[in-house]
Amino acid sequence: MSQHLKDRALACLDAQRDHLIRTSATIHANPEIAFQEFKSSALLCDELEHAGFDVTRGIGGLETAFRAEAFGNGDGATVALLAEYDALPELGHACGHNIMGTASLGAALAVKSVLANLPGRVAVIGTPAEEGGGGKVILVARGIFNDVDAAMIVHPSGRNMVARGSLASTRLFLEFSGKASHAAAAPEEGINALEAVILTFNNVNALRLHLRPDARLHGIITNGGTAANIIPDYAAAQFSVRAAKHGYAQQVLRRVIQCAEAGAAATGATLKYSTNPSYADLIPNLTLAQAFAANWETLGVHVIDPRPDDRMGSTDMGNVSHVVPAIHPYIKITNEGIGGHTLEFRAASISPMANDGLILAAKGMAMTTIDLLSDPDLMARVKHEFDETVEKQKIERLGKFE
Ligand SMILES: [Zn+2]
Ligand SMILES: [Zn+2]
């Protein structure tokens, strides 16, 4: 039964192809940054409403988040297709999130076309601010995923991968306050906030020598004073702190804060710090990944296993994967050498290859959603694996993983 439904869903996507490509191009041409995605989220909501979904605009206290639902013919699982549609400051859609939002829209339309023959429901959850702000972290905390059984989203890339994880990550914001004075006539009366920043960087570089190889620490100075002849009374910096696992990333974060406290102590400046919502490491559900990869293989998408030495970024999908079984596959839209967050990747995100990738991403999600809704045994195995991995992760959170 399910192959017949998949064939119909695929035909629906082929019929919608030009329309979806136009939607992706419209989002690409109107880049909106974290929590400002008004046009992009409205466009996706309009499309879903038009297709007969029940749409709630603005969920979890986030204006540009949304949830759209369609119901099958009885009780069953709830599968969530997540949509990202935020752009990067200055760079626009250089991470290709125009494809991500549109692919989940397409998958939802395709599943809807056969949903009368399936139990359960499909939900599109619009999640803003992946690139900073952590929309999904907030939506998880506000219970938006409490009734979801499995979740997925596909990211554009230079390679096709399904079971790939991501690093845990936190952004740390540091502000030092000192005392201004004439840098030549009265330096002894000043408290140099910039020196506190510089010491922090030196301390962090010393710390780096003693971290596990998966840790990643990088910082920038966002305020270094106003003129060379004034002792800076204010200076600011931000660091990105990452590691393979959430537990260790939190330990490293505490050490970096100590580096800043030491810089403040040495100079007499006072330190204020804050963090953004932490992105947890992504734990891909391998049972779900296997089902997804098998579907992609039937479409001729050759899936590459992530290499153990793979370089990775971070995503707030990690937090979703800690509360429900989840995957975050990657679809090839460009040559392997072209990385995200570049002008080249922005151009690639509306190329013919990206448009093919968009449809393949939508097809993979639609087929796998049909599998999950039509096969309670698969859903049970996905959940069983999740219970096992979540238990393990809980041990790590308690710091017992050393
Ligand atoms: Zn990105
Ligand atoms: Zn991205």
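Residue positions are given per chain, counted from 1 along the sequence in the order it is written. Whichever chain is written first becomes A and whichever ligand is written first becomes 1, with later ones labelled in order. For this predicted model, a pLDDT threshold of at least 70 governs which residues receive local features, and a threshold of 80 or more governs which side-chain atom pairs are given and counted, while totals over whole chains, interfaces and linings are taken from all residues.

Colleague: Explain the environment of arginine 311 to me, please; I cannot follow it from the model alone.
Modeller: Numbering of helices and strands runs from the N terminus; a helix is a DSSP stretch of H or I covering at least four residues, while a strand is a stretch of E covering at least two. Mapped onto the secondary structure, arginine 311 falls in the loop between helix H7 (286–298) and helix H8 (317–321). Labels follow a simple rule on C-beta atoms placed from the backbone: if 20 or more others lie within 10 Å of a residue's own, it is buried; if 12 or fewer, it is exposed; otherwise it is partly exposed. By the C-beta count within 10 Å, which is 8 here, arginine 311 ends up exposed. Considering only alpha carbons, one finds arginine 311 and serine 166, 145 residues apart in sequence, at a separation of 9.0 Å.

Colleague: I would appreciate a short explanation of helix H6 (residues 246–267) in the present structure.
Modeller: Every α-helical turn comprises 3.6 residues, leaving residues that sit three or four positions apart pointing alike. Expected span of a helix: the number of residues minus one, times 1.5 Å. Look at H6: 32 Å from first C-alpha to last across 22 residues, which is about the 32 Å you get at 1.5 Å a residue. All of the buried residues along H6 are His246, Gly247, Tyr248, Ala249, Val252, Leu253, Val256, Cys259, Ala260, Gly263, Ala264 and Thr267. Phi turns positive one or two residues past the end of H6, at glycine 268, with a value near 85°.

Colleague: Sorry, what's going on with the packing of helix H2 (residues 38–50) against helix H3 (residues 97–112) here?
Modeller: Each packed pair of helices is defined by two parameters, the angle between the axes and the distance between the axes. Packing of H2 against H3 leaves a shortest axis separation of 11 Å and a crossing angle of 10°. Relative to H3, the element H2 is oriented roughly parallel. Judged by residue contacts, Ser40, Leu44, Glu47 and Leu48 of H2 engage Gly101, Leu105 and Ala108 from H3. Taken together, the residues that form the contact of H2 with H3 break down as four nonpolar, two polar and one charged. Axis definition: a line fitted to C-alpha atoms, limited for helices to the stretch in contact. Angles are taken between N-to-C directions and run from 0 to 180 degrees. With respect to orientation, any angle under 35 degrees is reported as roughly parallel, any angle over 145 as roughly antiparallel, any angle of 65 to 115 as roughly perpendicular, and every other angle as oblique. Contacts are defined on C-beta atoms placed from the backbone: any two residues whose C-beta positions lie within 7 Å are in contact. Three classes are used: nonpolar for Ala, Val, Leu, Ile, Met, Phe, Trp, Tyr, Cys and Pro, charged for Asp, Glu, Lys and Arg, and polar for all others, with Gly counted as polar.

Colleague: Got a minute to help me understand H2 in this structure?
Modeller: For H2, which comprises 13 residues, the first-to-last C-alpha distance of 18 Å matches the rise-based estimate of 18 Å (1.5 Å per residue) to within 8%. Those residues of H2 hidden inside the fold are in contact with helix H1 (2–29), strand S1 (54–59), strand S2 (62–71), strand S3 (78–83), H3 and strand S4 (121–126). Positive phi shows up at glycine 52, right after H2, with a value of about 95°.

Colleague: I'm lost on the domain arrangement of the chain in this one. Help?
Modeller: Where interface size is quoted, it is often the accessible area lost as the parts come together. Each domain's extent is set by a domain assignment, obtained either automatically or from a database. Domain assignment breaks the chain into domain 1 (2–166 + 280–397) and domain 2 (168–275). Relative to domain 2, the C-alpha centre of domain 1 lies at a distance of 37 Å. Taken together, the contact between domain 1 and domain 2 spans six residues of the former and seven residues of the latter.

Colleague: It is not clear to me how the sheet that holds strand S8 (residues 216–223) should be interpreted in this structure. Could you clarify?
Modeller: Within a beta sheet, neighbouring strands are joined by backbone hydrogen bonds and run either parallel or antiparallel to one another. Each pair of strands is called paired provided DSSP finds at least two bridges between the two strands. Strand order in the open sheet made by the four strands is S8-S9-S7-S10, with antiparallel pairing throughout. Two strands in the sheet have a free side with no partner beyond their single neighbour: S8 and strand S10 (270–275). This sheet shows a mean twist of 20° between the axes of neighbouring strands, independent of strand direction. Note: strand S7 (residues 168–177) against strand S9 (residues 234–243), 10 bridges, orientation antiparallel. Paired with leucine 172 across the bridge in S9 is phenylalanine 239. Each of S7, S8 and S9 touches helix H5 (residues 193–208); the most contacted strand, S9, lies at about 20° to it.

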